[in-house]
Amino acid sequence: MTDGSLVGQAAVDQLLEVLDLSSTGTMSFRGMSPPVGPQRVYGGQVAGQALVAAGRTVDPDRVVHSLHGYFVRAGDPAEPIEYEVENIRDGRSFSVRRSVARQHGKTIFFMSASFQRHEEGLDHHAPLPPDVPGPESVPTMTDRLSRYPERLGIWGQIPRPIDVRYVGEPGWVRPGDRPADPHQRVWMRIDGKLPDDPLLHACALTYASDLTLLDSVLSVHGEVWGPGGVVGASLDHALWFHRPFRADEWFLYDCWSPSASGARGLATGRMFTVDGSQIASAVQEGLLRRVGG
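What counts and what doesn't
- Per-chain numbering applies: the sequence of each chain, read as written, is numbered from 1 onward.
- Selection of residues for local features in this predicted model requires a pLDDT of at least 70, selection of side-chain atom pairs for listing and counting requires 80 or more, and totals for whole chains, interfaces and linings are taken over all residues.
- Only heavy atoms go into the side-chain values, all of them from the structure, while hydrogens and water stay out.
- UniProt positions are given in the numbering used here, feature names are shortened, and annotations may be inferred rather than shown by experiment.
- A run of H or I in DSSP becomes a helix once it reaches four residues, and a run of E becomes a strand once it reaches two; helices and strands are each numbered from the N terminus.
- Whether two residues are in contact is decided by their heavy atoms: any pair within 4.5 Å suffices.
- Stacked, tilted and edge-to-face are the three classes assigned to paired rings of Phe, Tyr and Trp, where Trp is represented by its six-membered ring and a pair needs centres within 6.5 Å; plane angles under 30 degrees give stacked, over 60 edge-to-face, the rest tilted.
- Exposed residues in this analysis have more than 50% of their type's maximum accessible area, buried residues have under 20%, and partly exposed residues fall in between, with area computed by a 1.4 Å probe over protein chains only.

The name an unreviewed UniProt entry gives the protein chain is Acyl-CoA thioesterase II, with Micromonospora andamanensis as the organism. Taken verbatim from the UniProt record of the protein chain, the Sequence similarities (unreviewed entry) comment is "Belongs to the C/M/P thioester hydrolase family."

Focus on the environment of Gly48
Inspection of the secondary structure assignment puts Gly48 in helix α2 (residues 43-55). Here the alpha-carbon distance between Gly48 and Leu200, two residues 152 residues apart in the chain, equals 9.0 Å. Dropping the residues within four chain positions of it, Gly48 is found in contact with Leu19, Cys203 and Thr206.

So, the packing of aromatic side chains
Under the counting rule described, the total for this entry stands at five aromatic pairs. Aromatic pair Tyr166 and Trp172: ring centres 6.5 Å apart, planes at 80°, arrangement edge-to-face. Since its relative accessible area comes to 6%, Tyr166 is described here as buried. Note on Trp172: relative accessible area 8%, which makes it buried. Look at Phe241 and Phe245: their rings are 6.2 Å apart centre to centre, the planes differ by 10°, and that puts the pair in the stacked class. Phe245 matches Phe241 in its accessibility class, with the two residues each being buried.

Structure representation (structure tokens):
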């Protein structure tokens, strides 16, 4: 099996280019998609770019603590994405922005994001899940793909700036190869070095947060993506940032689904550093429909 995708620092540098929006006005920006990618814009990309746009209009002393977004239309990777930011409020402690992504004159995604100046206060968090093997003890993406050469397809072409290591079986294995599991746990990190800008790390984490979250709905049922399984699309996405972190260091994405019905599934996840600090929480609902084999 030949894997020709861009990986490591080269892929990370390309991700940084994707997140480096060009300014088209005081509160407007333009983003591009990678030259090689899926047929529609990856949701984590547009969410990450929307956060870049919002963050560039806020005092750097205020750090993003939450975002809430809706995916409205599929994005066209061949076309630029125009971002318009609205200043909702600048208070003494918080700044709120609304960031809207458009293509062909139509909204494809919109997000509200809130930023806060540093303050001291109560501090606690849930513990790291017990008995989870470390990132060096679980198979790499290349190891996983070697078992499923027919799945190489787009994975062998698109850049992979994130080192993704599933603790259990991923959702892209063959139908019948995935045991039901109430949790999906994945180790992740940006597969190279990022600059020290906290906003950039938050945008990179936003980009990563959409990769595997919805798959936890399928995991409950032992279902898989694609022929003989399920197709899906993200409907909305929410993310809370709890503590300082580096997206280029390992974090565990512990995901599970509390409910699925009406062709929709709800997924929630927590992100922990290797030493057990909870850095973020995510919630997403997605459209999920069965397809034939």
